[in-house]
Amino acid sequence: MKRNDIEEHTKELLAPILEVQGLSLWDVEYVHEGQDMYLRVYIDKESGVAIDDCVAVSRALEKQLDAEDVIPDAYILEVSSPGLTRPLKKTVDFERSIGKLIEVKTFQPVNGLKEFEAILKEGSDQEIRVEKDGEILTIERSNLAKARLCYVEQDN
């Protein structure tokens, strides 16, 4: 199976597992690092992901993957939260982060800057729009080197 096929099949297997647990899927990656292959699953929920959530999903997914023998090679399964400063890679990541402060790094300067923080206003397959110092900036997705949520402390 190809990498994309493994990731998509894993998402299909995860859907009922996550629904039962009250969780949502952030991302799935099947990547080669060093000599090892990793199947990484990033889960999320409104109140935050606990270690018990990761363990439950890992155990349930592992049973499904072993039963179907989807991945022919040895791999390491990791289930975790995407973290507070989660990367924004896909259009859906940008869509669910509208209104939040993000860190932007670009290949080519935008208004003279290659690294800055701004409020995400819109996100599509082709571009994102952010607000920086009261000005709306449009950034082509092909110019994005990196985008991720910024950690912002909440007053209780």
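Look a little higher up for the structure.
Residues numbered from 1 in each chain as written. Predicted model: local features only at pLDDT ≥ 70, side-chain atom pairs only at ≥ 80, totals over all residues. Heavy atoms only, no water.

**A short note on helix 2 (residues 51-68)**
Now for step 1: Along its 18 residues, helix 2 runs 26 Å from first to last C-alpha, staying within 8% of the 26 Å computed at 1.5 Å per residue.
Now for step 2: Listed in full, the buried residues belonging to helix 2 are D53, C54, V57, S58, L61 and L65. The buried residues of helix 2 occupy one face: seen down the axis, they fall within an arc of 120°. Residues D52, R59, K63, D66 and A67 are exposed on helix 2 and point more than 90 degrees away from its buried face.
Now for step 3: Structurally, helix 2 contributes buried residues whose contacts are with helix 1 (3-21), strand 2 (36-44) and strand 3 (76-80). (Helix = DSSP H or I, 4+ residues; strand = E, 2+ residues; numbered from the N terminus. Expected span 1.5 Å × (residues − 1). Buried < 20%, exposed > 50% of the residue type's maximum accessible area, 1.4 Å probe, protein only. Arc of directions from axis to C-beta. Contact = heavy atoms within 4.5 Å.)

**Some points on the pairing of strand 3**
Now for step 1: On strand 3, burial follows the alternation: L77 and V79 on one face are buried, whereas I76, E78 and S80 on the facing-out side are not.
Now for step 2: Note that strand 2 and strand 3 share five bridges and pair parallel. Within strand 3, the position partnered with R40 by the bridge is E78.
Now for step 3: In this fold, the crossover linking strand 2 to strand 3 by way of helix 2 has right-handed handedness. (Pairing = 2+ DSSP bridges. Right-handed = clockwise from strand over helix to strand, strands pointing away.)

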